[in-house]
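Fold and geometry: a report
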Amino acid sequence: MRGHLVTLALALGACAPAVEREQPAVGRVSFAVDDGAPNPPAKLVAVSNTGDCDSAVVLTATTTDGAPWLVVPGSATVAARSSAMVSVAVDPHALGLGPGLYLGTVELSSTCVDNGRQALGSPGAISVTLSVTVPDAGRAPSDAGAPADGGSPADAGDGTCDAPFVVTAFPSSRTDVTRGTSQYDHAGCTTAASGPENLYRLELPSGGTLRVTVTPLDGGLIPVVLAGATCPLYPPGADCSAGTTPGETTRLLVTSVTAGTQFLAVDGLEGSKGAYRLDLALTPATTDPVGSQCSSPGVLTLVAGTADLEANTDGAQDDGAPTRDAFGTLCAYPGAPDRSYRLTLPPTDGGLWDVSLAAWSQDELQGTVALAVQTSACDVDAGVACVTPTGPPSLGLTARWSGQLPANQDAFAWVDSAFNANGTPFHLRARTAPAGSAVNDECPAAIPLSANATYQGSTLGATNSLGEFANSYASGACQTSGSQGGPDVFFSFTAASTGPATVTVQPERGVDVAVAVLSTCAGSSCLGIADGFGVGPQSQAQAETVTFQASQGASYVVVVDHSDSAAGRADRGWFTVSVSQ
């Protein structure tokens, strides 16, 4: 009997680490059978033992619907440094399972026969997918009852353009499978969608933004997703998104849809097919007037120096964010809606505030947002900065500015949809601190750190003490290839034991930091430095780590620093710092 091989490596000889972790899906097995046909043949799974003692493996089958259609042997023995074959089978007809998609899991737990130790890599899991289809239909109808994962089925149809599955409720989650013969090759964002497809008719209760997510369940499908007003879905007028590798989740965002009928196709790239989960969400269009015009900005209200808000440029006017940045470049995105907000900086003794402003799209499919900073509303010559992130929109990049602004004065932040004319849901964050207010601005005032604890810090309110880590504190020993002329703050750490110690600094999104470890404040030597020269694309920016050899009872200095920007301003922001030993 020929089997689908899935390898689970069990490295014996040591106990598995006692940590909570998600059970790894180390393999996938899929079955497909027509309703009423004989059960499909079992599949063989190769279980490998890479350890030095024989392994006792216990296999446990579970299904999301609770029915015992998944059949595996209760146990198996795998000799040291060898493999054994175990059988995975399904028995849908003995239970009278109707057409639909069913999900299950086989957990493999292994212990050493000699000493009872749990194997490293244990427990492991095999994901099992069973598709029961209508005979000769070539597809599994979504109206055959609730799918195994608890999602709701489509209301009617057979998945063709003549009789598409009908969806009337949002949000909606369902499982389905593409099988049979392709009816037509979609030509939206690819000409290679030759796999079978399912067609859906969506009855949208309102206009707004439609979010579509297709997640393959058996690893074979490379999804192609299309949406449009007619079926078949051919351009022009069809939005399209295509995956590139088997099993890759594919997402499609359709902005400014109107209430009524919308068609959706889930297809397979280059003949691929398989089971998938379809998630649909509809965000109604907004008509929020706050900040829609520069003459009537919204308000950023500071609480403990921080202001956070979430909004959407959808429904706002296009004022073009009319401002010039520090280089005199006009910051404007014609045709894209934007919103403006006022930030009031109260009086302070020093006369200046350190300010950090960051804006990012809430939806990674929605592209990027731009951020403009002004000192006077609607004044093209009052521009302080114009920031647009670079890189693929799917990276969720952050537009961020930091610098100093006068106290007792208003500043204005613009969030623009940049190149998206249909609006963008966004997050806007302001952080402030009086200039010169950082308590650990100088090395003698370093804040003590405890081992294996995390401290939240900020360079807002700090000054530049170290330059390029090269003043009297560091004796020139911790220089980097770039200028670290931004503000810096100091922490201290006393080693509890002799051995390696690791300092980790995790900045907030959009912030670039460097970290150095010094032996003392005066006449010190550099024990390590990390400066990755990057802010990282995702919601968390790039962490910096330094590992050094610590001596019990000895004290060390940790410096968190920033670089200058090309515009001559210094970066500032929040971060967490920890020392593990």
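Just so we're clear, the structure is a prediction, and the values are computed from it rather than from any experiment.

Attention shifts here to the confidence of the model for the protein. Across the protein, the average pLDDT comes to 77, with 76% of residues at or above 70. When pLDDT is averaged over each helix and strand of the protein, the minimum, 40, is found for strand 1 (residues 8–10) and the maximum, 95, for strand 30 (residues 447–449). Segment residues 1–26 is flagged for pLDDT under 50; beyond a separation of four residues in sequence, or across chains, it makes 84 contacts in the model.

Pairing is mixed across the open sheet formed by five strands, whose spatial order is 30-32-37-34-35. With partners counted over all chains shown, the strands left at the sheet margins are strand 30 and strand 35 (526–530), one partner each. Averaged over all pairs of adjacent strands, the angle between strand axes in this sheet comes to 25°, irrespective of strand direction. Of the strand pairs in this sheet, strand 34 (residues 514–518) and strand 37 (residues 555–561) are connected by five bridges, and their pairing is antiparallel. By the bridge assignment for strand 37, Ala 514 is matched with Asp 561.

Nonpolar side chains in soluble globular proteins generally cluster together in the buried interior. Counting 26 residues, the largest nonpolar core has Leu 300, Val 355, Leu 357, Leu 371, Trp 401, Phe 426 and Leu 428 as the members making the most contacts within it. Tallying contributions element by element places strand 24 (residues 352–361) first for this core, with four residues.

Moving on, we come to the sheet that holds strand 14 (residues 223–228). Taken in spatial order, the five strands make up an open sheet running 10-12-17-14-15, and their pairing is mixed. Two strands in the sheet have a free side with no partner beyond their single neighbour: strand 10 (165–167) and strand 15 (239–242). The sheet shows a mean angle of 20° between the axes of neighbouring strands, direction not considered.

Below, the discussion takes up the state of the cysteines. Throughout the structure, instances matching the rule amount to four disulfides. Each sulfur in the disulfide pair Cys 53 and Cys 112 lies 1.9 Å from the other. Residue Cys 53 is located in the loop between strand 3 (43–49) and strand 4 (55–63), and its partner Cys 112 is located in strand 8 (residues 100–112); the two are separated by 59 residues in the primary sequence. Accessibility expressed as a relative area gives 8% for Cys 53, which makes it buried. Sulfur-sulfur distance for the disulfide between Cys 443 and Cys 521 comes to 1.9 Å. Looking along the S-S bond of the Cys 443-Cys 521 disulfide, the torsion reads about -85°, which is the left-handed sense. Linking Cys 443 in the loop between strand 29 (425–434) and strand 30 with Cys 521 in the loop between strand 34 and strand 35, this pair joins segments that are 78 residues apart in sequence. Using a relative accessible area of 2% as the deciding quantity, one classes Cys 443 as buried. The class for Cys 521 is partly exposed, based on a relative accessible area of 21%.

A few words now on empty space enclosed by the protein. Enumeration according to the criterion identifies one cavity of 30 Å³ or more in this entry. Together, Ser 356, Leu 357, Ala 358, Trp 360, Arg 400, Arg 429, Arg 431, Glu 508 and Arg 509 line the largest cavity. Elements supplying a minimum of two residues to the lining of the largest cavity: strand 24 and strand 29. Looking at the lining of the largest cavity element by element, the count peaks at four residues for strand 24. Considered class by class, the residues forming the lining of the largest cavity number three nonpolar, one polar and five charged.

Conventions and cut-offs
- Residues numbered from 1 in each chain as written.
- Predicted model: local features only at pLDDT ≥ 70, side-chain atom pairs only at ≥ 80, totals over all residues.
- Heavy atoms only, no water.
- pLDDT = per-residue confidence, 0-100.
- Helix = DSSP H or I, 4+ residues; strand = E, 2+ residues; numbered from the N terminus.
- Contact = heavy atoms within 4.5 Å.
- Pairing = 2+ DSSP bridges.
- Axes fitted to C-alpha atoms, helices over the stretch in contact; angles between N-to-C directions.
- Core = buried A, V, L, I, M, F, W, Y, C linked by side-chain atoms within 4.5 Å.
- Buried < 20%, exposed > 50% of the residue type's maximum accessible area, 1.4 Å probe, protein only.
- Disulfide = S-S within 2.5 Å.
- 1 Å grid on protein atoms, 1.4 Å probe; cavity = no way out; pocket = protein on both sides within 12 Å on 5 of 7 lines; lining within 4 Å.
- Points joined across faces, edges and corners; volume = space filled by probe spheres on them.
- Nonpolar A, V, L, I, M, F, W, Y, C, P; charged D, E, K, R; others polar.

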